[in-house]
Amino acid sequence: MVTSKENVTARRKVSVLGATGSIGSSVRSVILQKRAEFEVESLVAGSNVDALVSIAHELNAKYAVIADETLYQVLKLKLEGTGIEAAAGLNAVIEAAIRPVDIVVSAITGIAGLHPTYAAVLAGQTIALANKEALVCAGTMLMGAAKKAGATILPLDSEHNALFQALNGNSTKLIEKMVLTASGGPFMNWDITQIQNATKEQALAHPNWNMGQKVTVDSASFMNKGLELIEAHYLFDVSPFKLDVLVHPQSIIHGLIFYGDGSVVAGMALPDMRVPVAHCLAWPQRLSIDLPRLNLASLGSISFLEPDYTRFPCLKLAQNALFAGGAMPTVLNGANEIAVEAFLKGVISFGNIAVLVENTLNAYQCLNSNNLTPVTLEDVDSINLISKELAQTGLSKVSSRAIH
Ligand code: MG
């Protein structure tokens, strides 16, 4: 029973995996506003030593970890005499994830975030999960382990955080529908040929959210929303039949729960990641932070429309993978990582992201008709590897030229 929802009173210990990324910077911003209420244990970054050192100083962290092992000496040298412990490599990342704290923010991008997230789950931590891939690729395994270990997973993705708040502890068995909203991204009003030939700069120009490159491209292709549907399925144990997407260009309502009694509860906020970050950092209490407030009167109106599966085929591919289950979500994710990387490098066109993902899903199905669900980390790694190899092989078959 929560007795006070006013403010967090005890100093909460926080570790941040992915401290120098986009989510990490929102966490940093919230903690800096509420310094007296938080204590930072571990910070993990991929390869940006300077940013890690700077944020470790700023937040007075105890343990700073760089995932890239070759950068250990550089990090150690830069932290000398500061009292901040330096470490590098996967084992150190895992150590950062399992050191006992009140909340672990899991915000490492991509499949690289799975291992430390799983370690935090096994250690029974409370995890604010921003990493999509962990749930998409290993949802059954992760949620099962969380139940066993008594770990709590709080959704940090804005849509899932809104849905978590709208659910307010109710079972998803009681709901009729769970709707995630999508902004529509930069190509919402473009025709299909324009979308297929979109440049990297155009795909990276998101109208509402300021995020990392991978997720921004995923937003433009709607793959992000597809991955989020899969995420929601595992996170909330909700049937794929009850999950839906609604395009909502203003990104004010992030998720809606339709209850059987006709009530609809919407999770609303300005599109600012500091909102879900503040919610997770204080949960089950509330923080009061300084950021722009939602003003509905000045907004005037908000609008909604159905998603367009023809112009954004990635959404349908993700939905199909969700319904197919088994290894398909993992394969989808691996193929998409290769496709987005190839697009960002100028190797394939935007339209060919969906083509490459679809070809990879088909190729995987031809080789593995049993479609087994991954139950160990090794299973996930192996499916991910096969998917990426198939996608790499498929790259040469999809043209880097524009589609006409
Ligand atoms: Mg999201």
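Residues numbered from 1 in each chain as written. Predicted model: local features only at pLDDT ≥ 70, side-chain atom pairs only at ≥ 80, totals over all residues. Heavy atoms only, no water.

**Q** Account for the overall build of the chain, with residues named and values stated.
**A** On a plain count of helices and strands, the chain comes out with 17 helices and 11 strands. Relative to the globule expectation of 22 Å for 404 residues, the C-alpha radius of gyration of the chain, 21 Å, shows essentially globular dimensions. When its C-alpha atoms are laid out on the principal axes, the chain stretches across 60 × 55 × 40 Å. Relative to its full complement of 404 residues, the chain shows a buried share of 54%. Long-range contacts, defined as pairs at least 24 residues apart, comprise 69% of the intrachain contacts of the chain with a sequence gap of at least 6. Accessible area of the chain: about 17,200 Å², with a carbon and sulfur share of 52%. Side-chain charges of the chain comprise 29 positive and 35 negative groups, with the mean position of each set lying 3 Å from the other. (Helix = DSSP H or I, 4+ residues; strand = E, 2+ residues; numbered from the N terminus. Rg over C-alpha atoms; globule rule 2.2 N^0.38 Å. Buried < 20%, exposed > 50% of the residue type's maximum accessible area, 1.4 Å probe, protein only. Contact = heavy atoms within 4.5 Å. Areas by Shrake-Rupley, 256 points an atom, 1.4 Å probe, with all protein chains shown as cover. Lys, Arg positive; Asp, Glu negative; His and termini not counted. Charge placed at Lys NZ, Arg CZ, Asp CG, Glu CD.)

**Q** I'd like a rundown of the pairing of strand β7 (residues 152-155), residues and numbers included.
**A** Two strands pair when backbone bridges link them, and strand β6 (residues 126-129) and β7 are joined in this way by 4 bridges, in the parallel orientation. Looking at the pairing, T126 lines up with T152 of β7. As for the winding sense of the linkage, the β-α-β connection from β6 through helix α6 (residues 132-149) to β7 is right-handed. (Pairing = 2+ DSSP bridges. Right-handed = clockwise from strand over helix to strand, strands pointing away.)

**Q** So what's going on with the domain arrangement of the chain? Which residues, and what values?
**A** What the domain assignment reports for the chain is domain 1 (12-156) and domain 2 (186-270 + 303-397). A separation of 25 Å is found between the C-alpha centroids of domain 1 and domain 2. Taken together, the contact pairs 18 residues of domain 1 with 26 residues of domain 2. Contact between domain 1 and domain 2 buries roughly 1,800 Å² in total, counting both sides, with carbon and sulfur atoms accounting for 69%. Three residues stand out in domain 1 for area buried against domain 2, namely K132, V136 and C137, and they jointly supply 33% of the buried area on that side. Scanning the region where domain 1 abuts domain 2 turns up 1 salt bridge. Between domain 1 and domain 2 we count 5 residue pairs in polar contact (both at pLDDT 80 or more) in total. Secondary structure elements with two or more residues in the side of domain 1 that touches domain 2: α5 (114-122), α6 and β7. Top contributing element to the side of domain 1 that touches domain 2 by residue count: α6, with 10 residues. (Domains from an automatic or database assignment. Buried area = accessible area lost by both parts, 1.4 Å probe. Salt bridge = Lys/Arg side-chain N within 4 Å of Asp/Glu carboxyl O. Polar contact = N/O pair within 3.5 Å; in protein donor to acceptor, adjacent residues only side chain to side chain.)

**Q** If you had to explain the coordination of the magnesium ion to someone new, which residues and values would you point to?
**A** Within the protein, the magnesium ion binds to D157 (OD), E159 (OE) and E228 (OE); these donor distances fall in the range 2.1 to 2.2 Å. Donor residues for the magnesium ion, ordered by position in the chain, follow D-x1-E-x68-E. Here E159 is found in helix α7 (residues 158-167), whereas its partner E228 is found in helix α11 (residues 223-236), with 69 residues between them in sequence. A relative accessible area of 6% places E159 in the buried class. (Donors = N, O, S within 2.8 Å, 3.2 Å for Na, K, Ca; no water.)

**Q** Describe the sheet that holds strand β10 (residues 253-259), and please don't skip the residues or the numbers.
**A** With mixed pairing, the 4 strands of this open sheet are ordered in space as β9-β8-β10-β11. At either end of the open sheet lies a strand with only one pairing partner, and these are β9 (243-247) and β11 (264-268). The average undirected angle you get between the axes of adjacent strands in this sheet is 20°. Against the sheet, α7 makes contact with β8 (175-182), β10 and β11, and its axis sits at roughly 35° relative to β10, the strand it touches most. Taken strand by strand, α11 contacts β8 and β9, and its axis lies near 145° from that of β8. (Axes fitted to C-alpha atoms, helices over the stretch in contact; angles between N-to-C directions.)

**Q** Account for the side chain of H279, naming residues and giving values.
**A** With respect to the element layout, H279 can be found in helix α12 (residues 274-282). If near-sequence neighbours (up to four positions away) are discounted, H279 is found in contact with N161, F164, Q165 and R286.

**Q** Help me get a handle on α12, residues and values and all.
**A** Taken across its 9 residues, α12 has 7 buried, putting it largely inside the fold. Taken residue by residue, α12 has P276, V277, A278, H279, C280, L281 and A282 as its buried positions.

**Q** I'd like a rundown of the sheet that holds β6, residues and numbers included.
**A** Taken together, the 7 strands give an open sheet; going across it, the order is β4-β3-β2-β1-β5-β6-β7, and neighbouring strands pair in parallel fashion. In this open sheet, the two edge strands, each paired with only one partner strand, are β4 (85-88) and β7. Averaged over all pairs of adjacent strands, the angle between their axes in this sheet comes to 20°, without regard to strand direction. Here α12 sits on the sheet and contacts β1 (12-17), β2 (38-45), β5 (103-106), β6 and β7; the angle it forms with β1, its principal contact strand, is near 130°.

**Q** An account of the nonpolar core is requested, with residue identities and associated values reported.
**A** Judged by nonpolar contacts, the single largest core of 91 residues is most densely connected at M178, L332, I348 and F350. In this structure, this core is formed jointly by two domains, domain 1 (12-156) and domain 2 (186-270 + 303-397), each of which donates at least three residues. When residues no more than four places from it in sequence are discounted, the contact partners of L332 are M223, L227, I230, L317, A318, A321, V357 and L361. (Core = buried A, V, L, I, M, F, W, Y, C linked by side-chain atoms within 4.5 Å.)

**Q** Give me the pairing of β5: which residues, what numbers.
**A** Residue alternation in β5 divides its side chains into two sets, I103 and V105 and V104 and S106, and both sets are buried. Strand direction decides the pairing type here: β1 and β5, joined by 4 bridges, are parallel. Directly across from V16, in β5, lies its bridge partner V105. Two elements, β5 and β6, share 3 bridges in a ladder whose sense is parallel. Across the sheet, the residue bridging to V105 is A128, located in β6. Taken together, β5, α5 and β6 form a β-α-β motif whose crossover is right-handed.

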